[in-house]
Every structure is written in C-alpha cells, then in structure tokens.
Amino acid sequence: MSSAQPIETGTETVLAEVVDGVGVITLNRPERRNALHAEMYVAVPRLLEQFGADDTIGCVLLTGAGGAFCAGGDVRDGNSAKQPPTPAADIEAKVHAQAAILADNARMVTLLHRMPKVTIAALPGAAVGAGMSIALAADMRIAARSARLIPGWSKLAFSGDFGGAWFLTRLVGPAKALELLIADEPVDAEAGLRLGLFNRVVDDPELPAAALRWAAQIAAGPTDAFAGTKANVRDAQSLPLEQALAAESERMVRSGMTAEHRAAVKAWLAAAAAKSGARS
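Per an unreviewed UniProt entry, the recorded name for the protein is Enoyl-CoA hydratase, and the organism is Mycolicibacterium moriokaense. UniProt, in its Sequence similarities (unreviewed entry) section for the protein, records the words "Belongs to the enoyl-CoA hydratase/isomerase family."

### Side note on the sheet that holds strand β10 (residues 187-188)
Ordered by their spatial adjacency, four strands build an open sheet running β5-β7-β9-β10, and the pairing between neighbours is mixed. Strand pairing shows two members of the sheet lacking a second neighbour, β5 (68-70) and β10, which therefore form its edges. Seen against the sheet, helix α4 (residues 130-137) touches β5, β7 (126-128) and β9 (148-150) and runs at an angle of roughly 105 degrees to β7.

### A word on the sheet that holds strand β8 (residues 140-144)
Strand order in the open sheet formed by seven strands is β1-β2-β3-β4-β6-β8-β11, with mixed pairing between adjacent strands. If you trace the sheet from one side to the other, it starts and ends with β1 (5-7) and β11 (200-202), each paired once. Here the strands of the sheet are splayed against their neighbours by 20 degrees on average, with no regard to which way each runs. Where strand β6 (residues 118-123) lies against β8, four bridges are found, and the strand directions are parallel. Bridge pairing in β8 places Ile120 opposite Met140.

### A short note on the packing of aromatic side chains
Summed over the entire model, instances satisfying the criterion amount to two aromatic pairs. Aromatic pair Tyr41 and Phe162: ring centres 6.3 Å apart, planes at 45 degrees, arrangement tilted. Remark: Phe162 occurs in the loop between β9 and α5 (164-172) and Tyr41 occurs in helix α1 (residues 38-53); sequence separation between them is 121 residues. Take Phe162: its relative accessible area is 5%, and that puts it in the buried class. Seen from their ring centres, Trp166 and Phe167 are 5.2 Å apart, and the 80 degrees between their planes marks the pair as edge-to-face. Between the NZ or CZ atom of Arg170 and the centre of the ring of Trp166, over which it lies, the distance is 3.6 Å. A cation over a ring is seen here: Arg200 above Trp214, with NZ or CZ 4.0 Å from the ring centre.

Thresholds applied
Every residue gets a number counted from 1 within its own chain, in the order that chain's sequence is written. In keeping with the model being predicted, local features are shown solely for residues with a pLDDT of at least 70 and side-chain atom pairs are shown and tallied solely at 80 or more, while totals for entire chains, interfaces and linings include all residues. Computation of side-chain values: all heavy atoms of the structure, hydrogens and water removed. UniProt positions are given in the numbering used here, feature names are shortened, and annotations may be inferred rather than shown by experiment. Strand pairing is defined by DSSP finding a minimum of two bridges between the two strands. Helix and strand definitions follow DSSP, with helices as H or I runs of at least four residues and strands as E runs of at least two, each counted in order from the N terminus. Contact between two residues is taken to exist if any of their heavy atoms lie within 4.5 Å; hydrogens are not considered. Note on method: axes are straight lines fitted to C-alpha atoms, helices fitted across the in-contact stretch only, with angles between N-to-C directions ranging 0 to 180 degrees. Stacked, tilted and edge-to-face are the three classes assigned to paired rings of Phe, Tyr and Trp, where Trp is represented by its six-membered ring and a pair needs centres within 6.5 Å; plane angles under 30 degrees give stacked, over 60 edge-to-face, the rest tilted. Think of it in three bands: residues with accessible area under 20% of the maximum for their type are buried, residues over 50% are exposed, and the middle band is partly exposed, with areas taken using a 1.4 Å probe on protein chains only. The rule for a charge over a ring is simple: NZ of Lys or CZ of Arg within 6 Å of the ring centre, and within 35 degrees of the ring normal.

Here is the structure:
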C-alpha cells in the first residue's frame, strides 16, 4: 500500500484520506460510538461529491473510528421527551419543516447509492438506526465478526429514517425487511452474511487492512466500466427489462470506446499469446 494523503474535512468529527486510489471517509466520534453530528451532515456529502468527481479515485470506503460504525442519531442531542407537546394547529407546519431538514441531513445515503464510484462500508462494530441505513446505502459491506446491524427505531417509537426501509427492502425483500424492522433485534455478522446484508466477514483485527485491500483492488480496475455495471444493477431494480436492456446496451457500446477497454484487450491478447507460446 502507498502512503496516505490526508484530506481536509473542516471538522474533527470526520476524517478523510486517499490511499491507493481509494477515498477513505471515517466517522470520528468514537467516544459516542460515532453517533451522527451536525458537522457530519455537511462534511460527508461534500467528501462524497469531491471523491465522486476525482478521476484518480476509483472506490470510496466509509468506516467508523474505534469499535463501532455509527450509532445513528444522537438521541441525547435532541431529546424529544423534554420538549413540550406541539399545539395541534402547528403540527403540520412543524412536520414539513423538520422532515425537510431530516431529508437534507440524509443526503449522504443518496450520494453513496447514486455516485458512479463503487462504495464500500466497513463495519468495525455496531451500525444502529440511521447508521445502519448509511451502511446499507453503500454498494457493498465488509464487517468485523463482532459487527451488528441494529434497526433501533421501534424501541424509541420511531418509524425509521435515512432510507433504512428502502435499502433493507431491496436487499432482503419486503416481508423480511418488515420483520427485521419491527422485531428490532440485532443482526449479527453471520446472520448478515446469510441474508446478503454483508458481502464479507473477517476477524475484527483484520477489518481495516481487508477493507482497504478490497477497495484498492476495485480502484485498480476499470472504474468507468464498473460505473456502468453499477448503473446496470441499479436499473435492474427499477426498470422493465426492455428499458434496462436499452440502457445496458448503450453503456456497453460506450465502454467499448474507452482507453480502459483498449488497454484491457491489449493485456488480454498479450496474456493469451504468452500462454500459447508456453504450450508450444
């Protein structure tokens, strides 16, 4: 691995660096299990946009400092139990205003899901509530053996946020998603692997190196082609076959016009010639 290039984030609650073509973002509130902070809502989307537009970065890796991924919203920072009831006449206005703020705070999950670069979440420990949503918003996930996915909302009589139900439904189906959300029981690493919520599970000490190694392998690949593949998979979840085929075909043709494709064909022909020569 090459040396890391630190990236200024504007806040101590988020760290960032570039290593071997991987843009690494670390949620950095280990003393609060990386619970979300107002500064994160600005720094993380800005970094995702920056990494998404940087041609030298081929993959984005999101993780948490210490022994947790993200504990979700910091309930102690906005304890609604201490707030007086809202007058009935003001409820709708309050709902619309606060929902708009919450949706804007959740912009990071849209960027993780929509950006052309492949995104990976590395979970050193628990991902709770909105933290679980953020992990599920990434394209793929690698987890330490001690990691847990914990919906967390129903125990606080919340319905869910940051797209948790949207991502979970697409990963495990509507019936299983509803069961997991209502039961609100932790999903451990092995169960997450069986359900397809985790792509890989490694021993806890191995997580940082394993996650970066995986991300670096992706970053070293044909990233333009991977962007097209990611778009194909996304279309497969929303478009009828005929429309998906049309978009897939256009991306295939475009990928065949890239320098990446030409270099890959040249390397393949050279390898085939060498293999043939070794046999003769």
